[in-house]
Amino acid sequence: MDDGGQLVYRRRTGRGIWLFLLGPPIAAMAAASEDRNWAGGALASLLSVLLLAATLWIAIGWSGRTRLAEVRLDGDTLVVRRSHILDRGKTWRIPLSETRNWQARLEHYARQSFEAAAFDHRGVTYILPISGAQYADLDQLNAWIEQHAGDGKASSG
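Scoring rules and cut-offs
Residues numbered from 1 in each chain as written. Predicted model: local features only at pLDDT ≥ 70, side-chain atom pairs only at ≥ 80, totals over all residues. Heavy atoms only, no water. Salt bridge = Lys/Arg side-chain N within 4 Å of Asp/Glu carboxyl O. Helix = DSSP H or I, 4+ residues; strand = E, 2+ residues; numbered from the N terminus. Buried < 20%, exposed > 50% of the residue type's maximum accessible area, 1.4 Å probe, protein only. Phe/Tyr/Trp six-rings, centres within 6.5 Å; stacked < 30°, edge-to-face > 60°. Lys NZ or Arg CZ within 6 Å of the ring centre and 35° of its normal. Pairing = 2+ DSSP bridges. Expected span 1.5 Å × (residues − 1). Arc of directions from axis to C-beta.

Enquirer: For this particular structure, what's the right way to read the pattern of salt bridges?
Expert: Once the charged atoms of two side chains with opposite charge are near each other, the side chains can pair. With the rule as written, the count across this model stands at seven salt bridges. Here E107 makes a salt bridge to R67, at a shortest N to O gap of 3.0 Å. You can see E107 sitting in strand β5 (residues 100-109) and its partner R67 sitting in the loop between α2 (38-63) and β2 (68-74), a full 40 residues away along the chain. Each of the two residues, E107 as well as R67, counts as buried. A salt bridge links E107 to R105; its shortest N-O distance comes to 4.0 Å. One salt-bridge network, in which partners are shared between bridges, spans R10, E70, R72 and R81.

Enquirer: How should the packing of aromatic side chains be read in this particular structure?
Expert: Aromatic rings considered in pairs are described by the distance between their centres and by the relative angle of their planes. Considering all chains together, one arrives at four aromatic pairs under this definition. With a centroid separation of 4.8 Å and 45 degrees between ring planes, the pair formed by W102 and W144 is classed as tilted. Residue W102 is found in strand β5, and its partner W144 is found in helix α3 (residues 138-151); the two are separated by 42 residues along the sequence. Each member of the pair, W102 as well as W144, carries the same accessibility label: buried. An angle of 35 degrees between the planes, with centres 5.7 Å apart, marks the rings of F119 and Y126 as tilted. The rings of W92, W102, F119, Y126 and W144 are connected pair by pair, giving a single aromatic cluster. Over the aromatic face of W92 sits the side chain of K90, whose NZ or CZ is 5.3 Å from the ring centroid.

Enquirer: Sorry if this is basic, but what is going on with the sheet that holds strand β3 (residues 77-82) here?
Expert: Within a sheet, neighbouring strands are paired by backbone hydrogen bonds and run either parallel or antiparallel to one another. Strands sit in the order β4-β3-β2-β1-β8 across an open sheet of five strands; the sheet is antiparallel. Here the strands that pair on one side only, and so sit at the sheet edges, are β4 (91-95) and β8 (135-136). Of the strand pairs in this sheet, strand β1 (residues 6-10) and β8 are connected by two bridges, and their pairing is antiparallel. Within β8, the residue paired with Y9 across the bridge is A136.

Enquirer: Honestly, helix α1 (residues 23-35) in this entry has me stumped. Any pointers?
Expert: Residues spaced three or four apart along an α-helix point in a common direction, a consequence of the helix completing one turn every 3.6 residues. The end-to-end C-alpha separation of α1 is 19 Å, in line with the 18 Å expected for 13 residues at 1.5 Å each. If you check which residues of α1 are buried, you get P25, A28 and A32. Projected onto a plane normal to the axis of α1, the buried residues spread over an arc of 65 degrees and lie on a single side. Residues I26 and E34 are exposed on α1 and point more than 90 degrees away from its buried face. Backbone geometry just after α1 places R36 at a positive phi near 55 degrees.

Below is the structure:
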């Protein structure tokens, strides 16, 4: 996405996610070599890759409904793009005046905490995971969070 404007946030889906597809076929072929059943190993490998790819596609797509991959500030409008396994998430524009409840938060997953920023728009909370982001303009995000604390909505500050 390069719709102009000032980059505020970017966290693309890493290419390393595709490495998950290597494990099941390797395991299936290792099992096949024990039994010398190469056709069964090849079929199990293919099915495992297809099943895991579909699972990753659905999981990242599901989380991408509310997790953003990129945010740009274009005047008084946010140009946002959803997360997607192929970095082709939906892009749309949100007037900054329509955002609410900007906040810094900690998300907890499997005994770890991750920093994130979040805002509401039309009843949906959009999340910008700061941990692991390729770029995050923390000054701009913190300004919106602080400004929200005072008047209830953000502006281009």
